[in-house]
Amino acid sequence: MKARAYGMELEYESFGNPADPTILLIMGLGAQLTLWPLPFVEALVERGFHVVRYDNRDVGLSTKLDHARPPRIGMLVLQRLLRLRPRVPYTIGDMAADAAGLLDALGIEKAHIVGASMGGMIAQVFAATYPDRTLSLTSIMSTTGNPRLSRASREAMDVLVNRPKTDDFEALVAHGVRASKVLAGPAFPVEPEVLEARVRETIQRSNYPDGFARQVAAIVADGDRRERLKTIKAPTVVIHGTDDTLVPIDGGRDTAASIPGARLVEVRGMGHNVPVEVIPEIVDAIESVAR
């Protein structure tokens, strides 16, 4: 299904009873709504929530900004280091406004906002910008933009940034499988045939590298969010895996320390993903802050 939100057409899916409190799920960098596992969504519905997951702009089946030239990431990083304001096609704030526009289109006044990775950044900015619309905030495997925090491992950054510059489907699948394994870590392995099928379905649904580049630019331009995080009033839980090599756990710890009253939940063995094995623990944390 599609909804019009401030000029963007956002693909979304809705689960459960719309009369129940809504949880809005915001996915991360270059990631489609399907990366929120269905067992995770269904578990939230069983706890009495109406759940909406959607594709951000420039990814999946939502609006693609084809008119906006993909930025040069190296130049953006240099501009940030020189304390210059980078010029980017859109910002994390714009993406938070998309989320607000989606809620408007669905007739939802307030929601529990849950974001993962870049989606956690969007959720943080949403909570800071729209306090009256934020019932609670859950930031998963995300960070604050604090430049002093630990960096991603070399292998994690390699699979994230060095994607195959080809339309060859099998090459894209092979890279997707490798990237999933690297980012997830070894603690919760997925059967090879299940993982490959999941990657194939994702690429068949959409593959849009230009959007990935523009979303990276939005992250770089957003910079350090800690001062904005101090203004968040909503009950907040921060969830982070101990084995996350893309966004190391000090990103989650810094997020929790920056938001007044936030609770930190460290999930042992979890990498940069949501394994089936830890879904009950994550759902418990979300429900506790939402209630």
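See above for the structure.
All of these numbers come straight from a predicted model, not from anything done at the bench.

### Let's talk about the pairing of strand β3 (residues 22–26)
- A large share of β3 lies buried, amounting to five of its five residues.
- Burial along β3 is two-sided: the residues Thr-22, Leu-24 and Ile-26 and Ile-23 and Leu-25 are all buried.
- Relative to strand β4 (residues 50–54), β3 runs parallel, the two being bridged by five bridges. By the bridge assignment for β4, Ile-23 is matched with Val-51.
- With helix α1 (residues 38–46) bridging β3 and its parallel neighbour β4, the resulting β-α-β unit is right-handed.
- As defined by bridge partners, β3 adjoins strand β5 (residues 111–116) across four bridges and the pair is classed as parallel. Of the residues in β5, the one forming a bridge with Leu-25 is Val-114.

### Structural notes on the sheet that holds β5
- Sheet architecture is open: eight strands sit in the order β1-β2-β4-β3-β5-β6-β7-β8, paired in mixed fashion. The sheet terminates laterally at β1 (2–5) and β8 (263–267), the two strands that pair on one side only. Across this sheet, the average inter-strand angle for adjacent strands is 25°, counted without regard to direction.
- One ladder, built from five bridges, connects strand β7 (residues 236–241) with β8; its direction is parallel. What sits directly across from Ile-239, in β8, is Val-265.
- The strands touched by α1 within the sheet are β2 (8–15), β3 and β4, with β4 carrying the most contacts at an inclination of about 150°.

### Section: the layout of surface pockets
- Put simply, the second largest pocket is a space of about 240 Å³.
- If you go around the second largest pocket, you meet 10 residues; those closest to its centre are Arg-69, Pro-70, Pro-71, Arg-72 and Arg-87.
- Looking at the lining of the second largest pocket, its residues break down into six nonpolar, one polar and three charged.

### Observations concerning the packing of aromatic side chains
- All told, the structure shown has two aromatic pairs when counted by the stated rule.
- Their ring planes at 15° and their centres at 5.5 Å tell us that Trp-36 and Phe-40 sit as a pair that is stacked. For the pair formed by Trp-36 and Phe-40, the shared burial category is buried.
- The side chain of Lys-64 reaches across the aromatic face of Tyr-208, ending 5.6 Å from its centre.
- Directly above the ring of Phe-212 sits Arg-163, whose terminal nitrogen or CZ lies 4.0 Å from the centroid.

Thresholds applied
- The residue count restarts for each chain, going from 1 along the sequence in the order it is written.
- A pLDDT threshold of at least 70 governs which residues receive local features in this predicted model, and a stricter bar of 80 or more applies before side-chain atom pairs are shown or counted, although totals over entire chains, interfaces and linings include all residues.
- Hydrogens and water are ignored here; the side-chain numbers use all heavy atoms of the structure.
- Any residue under 20% of the maximum accessible area for its type is buried, any over 50% is exposed, and the rest in between are partly exposed; the area is computed with a 1.4 Å probe on protein chains only.
- Counting from the N terminus, the helices are DSSP H or I runs at least four residues long and the strands are E runs at least two residues long.
- By this definition, two strands are paired if DSSP reports at least two bridges between them.
- Handedness rule for crossovers: strands pointing away from the viewer, path from the first strand over the helix to the second running clockwise, crossover right-handed.
- Between N-to-C directions, angles cover 0 to 180 degrees, with each direction set by a line fitted to C-alpha atoms, over the stretch in contact for helices.
- We call two residues contacting when some pair of their heavy atoms lies within 4.5 Å.
- The method works on a 1 Å grid over the protein atoms by themselves. A cavity is a set of points holding a 1.4 Å probe that cannot get out, a pocket is an open set with protein on both sides within 12 Å along at least five of seven lines, and residues with an atom within 4 Å of a point line them.
- Grid points are joined across faces, edges and corners, and a volume is the space filled by probe spheres set on the points.
- We call Asp, Glu, Lys and Arg charged. Ala, Val, Leu, Ile, Met, Phe, Trp, Tyr, Cys and Pro are nonpolar, and the rest, Gly among them, are polar.
- Each Phe, Tyr or Trp ring, with Trp reduced to its six-membered ring, pairs with another whose centre is within 6.5 Å; inter-plane angles below 30 degrees give stacked pairs, above 60 give edge-to-face pairs, and intermediate values give tilted ones.
- Here, a charge over a ring means that NZ of Lys or CZ of Arg falls within 6 Å of the ring centre while also lying within 35 degrees of the ring normal.

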